[in-house]
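# Working through the structure, step by step
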Amino acid sequence: MTHPPTVAAAALQAGDTFALLDNDSALIIHAKRRHLQPLWLLDLEGHDSPITLRDDEPIRPLRMLRAFDLTCQLCARTSRRVLDLPVHGIPHTWVCDQH
């Protein structure tokens, strides 16, 4: 099984799904809050206690939905798109449906 590239734990937000590098279990973030610099407390769905991750700790992203305002490279029309970063990556250019 191939895994998506790792990202730093600092990139995670509530609603994201990720896996730790030493475990394939999917973890869904219910809430994320700063504990002490550089630590985050993550409340996870189905877990009674939060886990702590460092800002720079690598994790495997499984689902990270993010909204982007994209401008068509051909007609300059702007559109908001929600993309899943592990699947689509960060968009750098875009061409709308009209072209």
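Notes on the structure follow. (Residues numbered from 1 in each chain as written. Predicted model: local features only at pLDDT ≥ 70, side-chain atom pairs only at ≥ 80, totals over all residues. Heavy atoms only, no water.)

## Regarding the nonpolar core
- Ranked by size, the top nonpolar core spans 10 residues in total: A9, L12, F18, L27, I29, W40, L42, L44, L53 and I59.
- Those elements giving two or more residues to this core turn out to be β3 (27-34) and β4 (39-44).
- Among the elements that take part in this core, β4 stands out by supplying 3 residues, more than any other.
- In this structure, W40 is in contact with A10, K32, R33, R34, H35, I51, T52, L53 and D55, ignoring residues within four places of it in sequence. (Core = buried A, V, L, I, M, F, W, Y, C linked by side-chain atoms within 4.5 Å. Buried < 20%, exposed > 50% of the residue type's maximum accessible area, 1.4 Å probe, protein only. Helix = DSSP H or I, 4+ residues; strand = E, 2+ residues; numbered from the N terminus. Contact = heavy atoms within 4.5 Å.)

## What about the sheet that holds strand β5 (residues 51-54)?
- With respect to topology, 6 strands assemble into an open sheet ordered β1-β6-β2-β3-β4-β5, the strand pairing being antiparallel. Strands at the two margins of the open sheet, each flanked by one partner only, are β1 (7-8) and β5.
- Of the pairings in the sheet, the one linking strand β2 (residues 17-20) to β3 comprises 2 bridges and is antiparallel in character. Its bridge partner being in β3, T17 is matched across the sheet by I28. (Pairing = 2+ DSSP bridges.)

## Focus: the pairing of β5
- Relative to β5, β4 is paired through 4 bridges, and the arrangement is antiparallel. The residue of β5 that forms the bridge with L41 is T52.

## A few points about the pattern of salt bridges
- With the rule as written, the count across this model stands at 8 salt bridges.
- In this structure, D24 and R60 form a salt bridge, with 2.6 Å as the shortest nitrogen-oxygen distance. On the criterion of sequence distance, the pair formed by D24 in the loop between β2 and β3 and R60 in strand β6 (residues 58-63) is long-range, its members being 36 residues apart.
- Residue D24 is classed as exposed on the basis of its relative accessible area, which comes to 54%.
- When the shortest N-O distance is used, the salt bridge between D56 and R54 registers 3.1 Å.
- A single network of salt bridges, built from pairs that share partners, joins R54, D56 and E57. (Salt bridge = Lys/Arg side-chain N within 4 Å of Asp/Glu carboxyl O.)

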